[in-house]
Amino acid sequence: MKRSMIKETLEKVGEVVVLKGWVNSIREHGKVVFIDLRDRTGMVQVVFWGEVAVAAKALGVEYVVEIEGLVKQRSGSNVNAEIETGSVEIEGQKLTVINESKTPPFEINKDTSAVDEAVRLKYRYLDLRSARVQKNIKLRSEFVRRVREFLFGQDFTEIETPLLTKSTPEGSRDFVVPSRLQPGKFYALPQSPQQYKQLLMTAGFEKYFQTARAIRDEDLRADRGFEHTQIDLEMSFVERDDVMNLVEEMMITVAEEMGYQIKEKPFPRITYKESMAKYGADKFDLRTEEEVKNGVLAFAWVVEFPFFEKTDDGKWTFSHNPFSMPISEHLDDLMEGKNIGEIKTTQYDLICNGYEAGGGSIRAHKAEILEATYKVMGYSAEETRESVGHMLEAFQLGTPPHGGIALGVERMIMNLANEKYLREVQAFPMTGSGQTSVMEAPSELSEKQLKELSLKSVM
RNA sequence: GGGGCUGUAGCGCAGUUGGUUAGCGCGUCUCCCUGUCACGGAGAAGGUCGUGGGUUCGAAUCCCAUCAGCCUCGCCA
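Residues numbered from 1 in each chain as written. Chains lettered and ligands numbered in written order. Predicted model: local features only at pLDDT ≥ 70, side-chain atom pairs only at ≥ 80, totals over all residues. Heavy atoms only, no water.

Quick look at the overall build of chain A
The condition that has to hold: What counts as a helix is a DSSP run of H or I of at least four residues, what counts as a strand is a run of E of at least two, and both are numbered from the N terminus. Only protein chains enter the accessibility calculation, which uses a 1.4 Å probe. A residue is then buried if its area is under 20% of the maximum for its type, exposed if over 50%, and partly exposed in between. Only heavy atoms matter for contacts: two residues are in contact if any of them lie within 4.5 Å across the pair. We count Lys and Arg on the positive side and Asp and Glu on the negative side, and we leave His and both chain ends out. Where a charge lies is defined by one atom per residue type: Lys uses NZ, Arg uses CZ, Asp uses CG and Glu uses CD.
Secondary structure summary: chain A contains 13 helices and 18 strands in total. In terms of its C-alpha atoms, chain A occupies a principal-axis envelope of roughly 90 × 60 × 40 Å. Counting over 459 residues, chain A shows a buried share of 46%. Long-range pairs, those at least 24 residues apart, make up 65% of the contacts in chain A between residues at least 6 apart in sequence. Taken together, the 59 basic and 73 acidic charged side chains of chain A have centroids lying 5 Å from each other.

Remarks on the environment of Ile327
Looking at where Ile327 falls in the secondary structure, it is placed in the loop between β15 (316-318) and α9 (331-336). It is 24 Å that separates the C-alpha atoms of Ile327 and Met250, two residues lying 77 residues apart in sequence. Those residues in contact with Ile327 that sit more than four places away from it in its chain are Arg240, Lys344, Thr345 and Thr346.

Digging into the protein's contact with RNA strand B
Quick reminder of the rule: The near set for a molecule or strand comprises every residue that places at least one heavy atom within 4 Å of it. Here a polar contact is recorded for every N or O atom pair within 3.5 Å, except that within protein the pair must consist of a potential hydrogen donor and a potential acceptor, and residues adjacent in sequence are included only if both atoms are side-chain atoms. Residue type decides the class: Asp, Glu, Lys and Arg count as charged, Ala, Val, Leu, Ile, Met, Phe, Trp, Tyr, Cys and Pro as nonpolar, and the leftover types, Gly among them, as polar.
Around RNA strand B, the surrounding shell holds 43 residues, and the nearest of these are Glu28, Trp49, Pro105, Phe318 and His320. In RNA strand B, atoms within 4 Å of the protein come from the sugar-phosphate backbone in 51% of cases. Within the backbone of Pro105, an N or O atom sits 2.3 Å from a sugar or linking oxygen of RNA strand B. Breaking the surface near RNA strand B down by element, the ones donating at least two residues are β2 (16-29), β3 (32-39), β4 (42-49) and α2 (117-122). Here the surface near RNA strand B is built from residues that sort into eleven nonpolar, 16 polar and 16 charged.

Quick word on the confidence of the model for chain A
The cut-off we apply is this: Scored from 0 to 100, pLDDT records how confident the predictor is in each individual residue.
The predicted model of chain A averages 95 in pLDDT, with 100% of residues at 70 or higher. Reported confidences for the modelled complex are a pTM of 0.95 and an ipTM of 0.92.

Regarding the packing of helix α10 (residues 367-376) against helix α11 (residues 381-395)
Quick reminder of the rule: A fitted line through C-alpha atoms serves as each axis, taken over the contacting stretch for helices, and the angle formed by two N-to-C directions is quoted from 0 to 180°. Geometric relationships in this document are graded by angle, where less than 35 degrees denotes roughly parallel, more than 145 denotes roughly antiparallel, 65 to 115 denotes roughly perpendicular, and other angles denote oblique. In this scheme the handedness of a crossing depends on how the near helix is turned from the far one: anticlockwise by less than a right angle means left-handed, clockwise means right-handed.
The interhelical angle for the contact between α10 and α11, taken along N-to-C directions, is 160°, at an axis separation of 9 Å. Classified by the interaxial angle, the pair formed by α10 and α11 is roughly antiparallel. The handedness of the crossing between α10 and α11 is right-handed. For the pair α10 and α11, contact is made by Ala367, Leu370, Glu371 and Tyr374 and by Thr384, Ser387, Val388, Met391, Leu392 and Phe395, respectively. Taken together, the residues of the contact of α10 with α11 sort by class into seven nonpolar, two polar and one charged.

Digging into the side chain of Ser236
As for its placement among the helices and strands, Ser236 is situated in strand β11 (residues 227-236). What makes Ser236 buried here is its relative accessible area of 7%. Beyond its immediate stretch of four places on either side in the chain, Ser236 contacts Met201, Glu206, Pro400, Pro401 and His402.

Comments concerning the domain arrangement of chain A
Frequently, the measure chosen for interface size is the accessible area removed from exposure when the parts meet. Let me state the cut-off plainly: Domain extents, as shown, originate in an automatic or database domain assignment.
Structurally, chain A comprises domain 1 (6-99) and domain 2 (122-305 + 347-365 + 400-425). The C-alpha centroid of domain 2 is placed 42 Å from the C-alpha centroid of domain 1.

Let's talk about the sheet that holds strand β13 (residues 299-303)
Put simply, the rule reads: Strand pairing is assigned whenever DSSP detects at least two bridges linking the two strands.
Strand order across the open sheet formed by eight strands is β7-β10-β11-β18-β17-β16-β13-β12, with mixed pairing between neighbours. The sheet is open, and its two edges are formed by β7 (157-158) and β12 (269-271), each paired on a single side. Pairing of strand β16 (residues 348-352) with strand β17 (residues 355-362) involves five bridges; the strand directions are antiparallel. Bridge pairing in β17 places Leu350 opposite Gly358. Of the strands in this sheet, β7, β10 (207-215) and β11 touch helix α4 (residues 131-153), which is tilted by about 150° from β10. The strands touched by helix α6 (residues 240-257) within the sheet are β11, β12, β13, β16, β17 and β18 (402-408), with β18 carrying the most contacts at an inclination of about 35°.

Some words on a nonpolar patch on the surface
To keep it simple, the criterion reads: Patch building starts from residues that exceed 30% relative accessible area and form no salt bridge, then joins like charges within 9 Å and nonpolar side chains (Val, Leu, Ile, Met, Phe, Trp, Tyr) within 5 Å. All accessible areas in this document rest on Shrake-Rupley with a 1.4 Å probe, and a residue is counted as covered only by the protein chains that are shown. Any Lys or Arg side-chain nitrogen located within 4 Å of an Asp or Glu carboxyl oxygen qualifies as a salt bridge.
Nonpolar side chains collect at one region of the surface, where Tyr125, Phe428, Val438 and Met439 lie side by side and expose about 460 Å² of accessible area between them. Position of Met439 relative to the elements: it lies in the loop between α12 (409-417) and α13 (447-452). Classification of Met439 as exposed rests on a relative accessible area of 72%.

With respect to the packing of α4 against α12
It is the contact of α4 with α12, at a shortest axis distance of 10 Å, that shows an interaxial angle of 120°. Of the possible angle classes, the one that applies to α4 and α12 is oblique. Relative to α12, α4 is oriented so that their crossing is right-handed. Across the interface between the two elements, Asn136, Leu139, Arg140, Phe143 and Val144 of α4 pack against Val409, Glu410, Met412, Ile413, Leu416 and Ala417 of α12. Class assignment of the residues belonging to the contact of α4 with α12 gives a composition of eight nonpolar, one polar and two charged.

Here it is, written out as structure tokens:
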């Protein structure tokens, strides 16, 4: 007999069905045994009488079972309004144990958020079975699916960019990968697809996106991990408002399709200066207590950030992104290297419920603009060529004006799922010291592996 | 790299003027129960008190060191 899903039993009253899934809980009452059976679609009560009840008593929680039984309408006080399938139950006729389970190290038929996180991560595959985490991961899938559908509807092309790429001295610390074929040399994992996506604009795709992994070797936080996923997109022949309007339409469409309410449309736009004056920060939460409770999403844009800021040793460095254009009124100042502290960038940050949900800008698409930026940061012409010479070259081979944005997927799902921790919306997160779940990386390499990579153990 | 908090049974916790058998709840196991859905009832098992060292007649408790976890500042184009 073909397997039915648990949710479908609501429409199969009077039929004999085969269900497969996990034993969520067991309630023994002498001659009658109830189990709650769980599959990916939900949970249903199975009742066992007589001989099959004896077999059911041997079950344990999280056993994987196949149950053949009759779907019956529940009557009167037996109806359970608390659960989705509470109007029906399965009268179990045949019970097969597909796989047994040891007693789980923690109770996954309850909310696991109180359980020691180290234990949850060691057994993450069990933690992922629990209702709340399962829901978060599915919500994430749905969000990404709808974003994809929206962007495909707008004629975007999804393109993957390399994971093994070049280390960039600026920005965050790189994760590096030793090269076997070129001893002593290293790849870096991408902190962002920034340069590749700009090159895709040079390549004439005009509208690009991907769900990109960004990997940064910086200390972790509740809302920040070594790896996170971005909706990364870039468009040609656009100005700042074109990108912001498209992203805004996308977020509204996706969030509303998913049943969320948005506090203010169009999203309020505020300058960095106003934001600092009003909120003392470049991000803020506009929701009332009531709106927080009701899961309302409050988006806002912050614009006109200073392009440069002073480092501790008094040099200028970029505040957000060296590949950005300044706002048009300040382009001359950049080119001439004057009033540096006053130059504003085309950078726009999307804020959602107090989190920075994403950021982007209109990019430099001419070599002399990028060169001017690097000159402000104290680079000689030669140093600039060494760092971004490939970009300067591309910019001299027909690069259109372009701009884009990167949106943090985890931060967005945290807002949608009302979670405070990034780890709650990643399938296999790591601890704050970079220990991976389940598999215990980082780990040592064998002598053979080290030798192939021309590396020496310092231990 | 700095700061704060935490570590006691599988999970969640209580337990310090240092004191003899370290408790509670959930879970687990055994028995009873024909309608429960966090079932109920009776009983039982389960602990190197993170680790190492020290003080003491005696340490979960005091001291030193160390490890791990969470949060946070720095950091995160």
